[in-house]
Amino acid sequence: MADSGRPGRIGVAVTGASGAPYAQRLLHHLLAAHCDVALVFSAAARIVWREELGQVLPTDVEEMATVLRAALPDTGTLRCYDERDWFSPLASGSHAPDALVICPCSGGTLAAVAQGLSNNLSERAADVMLKEGRKLVLVPRESPVSAIHLENMLKLARLGVCILPASPGFYTRPQSIDELLDFVVARILDQLGLGRDFGPQWGL
């Protein structure tokens, strides 16, 4: 986990649920906090990203990083990995990041993580977090949820996984989409132990 005075090494997996703007906003704040970010997209996530953000992501991971960085803060480090790259540090407990966020987390990815599957790098990265006892945050956005989804969430929550639904609050009287996104992203950063200077906090 990140601690005061040291930016975190954070893995981010983007899967095929709707919610690409949450992932983009999360990347923005992680890089603004000077984090070292290891990023992986599923094939479905790249399609959703194009549909929701209007940005086409190249399949080449170095080109992908260049395209993403153009709209993100010029701080921190961003490395992209192919979902089949088993040599990625995300795939190994010996060089795993401090924490992993799957945002958004599709129902299929949720099920795979709950069953300990490793069919792609996102799933393997989550499996590594579980076996190494490191922080894992899942951000499901699908609605409504079935009993299967709920059972998978409960199973993972009992293992110490943070289930953080993308459910923005309105008591802050948000005036923009970015403020709605930041409501959720701020809570992700709180789970990662990263300080933040944006978004209101209850009672403050």
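Predicted, not measured: the structure shown is a model, and the values here were computed from it.

A. Layout of the pattern of salt bridges. Tallied over the full model, the rule gives seven salt bridges. One salt bridge connects Arg-50 with Glu-51, and the closest N-O pair in it is separated by 3.2 Å. Exposure remark for Arg-50: the relative accessible area of 39% places this residue in the partly exposed category. Arg-124 is the salt-bridge partner of Asp-127, the closest N and O atoms lying 3.4 Å from each other. One end of the pair is Asp-127 and the other is Arg-124, both in helix 5 (residues 121–132) and three residues apart, which spans about a single turn. Note on Arg-124: relative accessible area 22%, which makes it partly exposed. One network of salt bridges, in which partners are shared, links Arg-25, Asp-178 and Asp-182.

B. The pairing of strand 2 (residues 36–41), seen in detail. Of all the six residues making up strand 2, five are buried; the element is thus mostly covered by neighbouring parts of the structure. Two elements, strand 1 (residues 9–14) and strand 2, share six bridges in a ladder whose sense is parallel. Residue pairing in the sheet places Gly-11 in a bridge with Ala-38 of strand 2. Regarding topology, helix 1 (residues 20–32) serves as the crossover connection from strand 1 to the parallel strand 2, and that connection is right-handed. Direction of pairing for strand 2 relative to strand 3 (residues 77–81): parallel, over a ladder of five bridges. Note that in strand 3 the partner of Leu-39 across the bridge is Cys-80.

C. Main features of the packing of helix 1 against helix 2 (residues 43–53). Relative to each other, helix 1 and helix 2 sit at 90°, their axes nearing to 9 Å. Taken together, helix 1 and helix 2 sit at an angle that is classed as roughly perpendicular. Side by side, helix 1 and helix 2 meet where Ala-20, Pro-21, Ala-23, Gln-24 and Leu-27 of the first sit next to Val-48, Trp-49, Glu-52 and Leu-53 of the second.

D. Spotlight on the side chain of Ser-88. With respect to the helices and strands, Ser-88 occurs in the loop between strand 3 and strand 4 (99–105). Reaching out from Ser-88, the side chain makes a polar contact with the backbone nitrogen of Leu-90 at a distance of 3.0 Å. Residues contacting Ser-88, with those up to four places away along its chain left out, are Tyr-81 and Leu-121.

E. Highlighting empty space enclosed by the protein. Scanning all chains against the criterion turns up two cavities of 30 Å³ or more. The space that makes up the largest cavity amounts to roughly 50 Å³. If you trace the largest cavity, you find it lined by Cys-105, Ser-106, Gly-107, Leu-110, Pro-140, Arg-141, Glu-142, Val-145, His-149 and Met-153. Elements supplying a minimum of two residues to the lining of the largest cavity: helix 4 (107–114) and helix 6 (147–158). Looking at the lining of the largest cavity, its residues break down into five nonpolar, three polar and two charged. Every residue lining the second largest cavity is listed: Gln-24, Leu-27, Trp-49, Gln-55, Leu-68, Ala-71 and Leu-72. When its residues are assigned to classes, the lining of the second largest cavity shows five nonpolar, two polar and no charged.

F. Looking closely at the sheet that holds strand 5 (residues 135–140). Read from one edge to the other, the open sheet built from six strands follows the order 3-2-1-4-5-6, with strand pairing classed as parallel. Edge strands, defined here as strands with exactly one partner in the open sheet, are strand 3 and strand 6 (162–163). Across the sheet, helix 1 touches strand 1, strand 2, strand 3 and strand 4, and the angle it forms with strand 4 is around 150°. The strands touched by helix 3 (residues 61–69) are strand 2 and strand 3; relative to strand 3, the strand with the most contacts, the crossing angle is about 140°.

G. Inspection of unusual backbone geometry at higher detail. With omega at -10°, the peptide bond leading from Cys-103 into Pro-104 counts as cis. Examined against the element boundaries, Pro-104 turns out to sit in strand 4. Following Ser-143, the chain continues into Pro-144 via a peptide bond in cis, with omega recorded as 0°. Inspection of the secondary structure assignment puts Pro-144 in the loop between strand 5 and helix 6. For His-34, which is not glycine, the phi dihedral falls at a positive 65°. Assignment of secondary structure puts His-34 in the loop between helix 1 and strand 2. For Arg-173, which is not a glycine, the phi torsion comes out positive at approximately 55°. Inspection of the secondary structure assignment puts Arg-173 in the loop between strand 6 and helix 7 (177–191). Note on Arg-173: relative accessible area 67%, which makes it exposed.

What counts, and where the lines are drawn
Residues numbered from 1 in each chain as written. Predicted model: local features only at pLDDT ≥ 70, side-chain atom pairs only at ≥ 80, totals over all residues. Heavy atoms only, no water. Salt bridge = Lys/Arg side-chain N within 4 Å of Asp/Glu carboxyl O. Buried < 20%, exposed > 50% of the residue type's maximum accessible area, 1.4 Å probe, protein only. Helix = DSSP H or I, 4+ residues; strand = E, 2+ residues; numbered from the N terminus. Pairing = 2+ DSSP bridges. Right-handed = clockwise from strand over helix to strand, strands pointing away. Axes fitted to C-alpha atoms, helices over the stretch in contact; angles between N-to-C directions. Parallel < 35°, antiparallel > 145°, perpendicular 65-115°, else oblique. Contact = heavy atoms within 4.5 Å. Polar contact = N/O pair within 3.5 Å; in protein donor to acceptor, adjacent residues only side chain to side chain. 1 Å grid on protein atoms, 1.4 Å probe; cavity = no way out; pocket = protein on both sides within 12 Å on 5 of 7 lines; lining within 4 Å. Points joined across faces, edges and corners; volume = space filled by probe spheres on them. Nonpolar A, V, L, I, M, F, W, Y, C, P; charged D, E, K, R; others polar.

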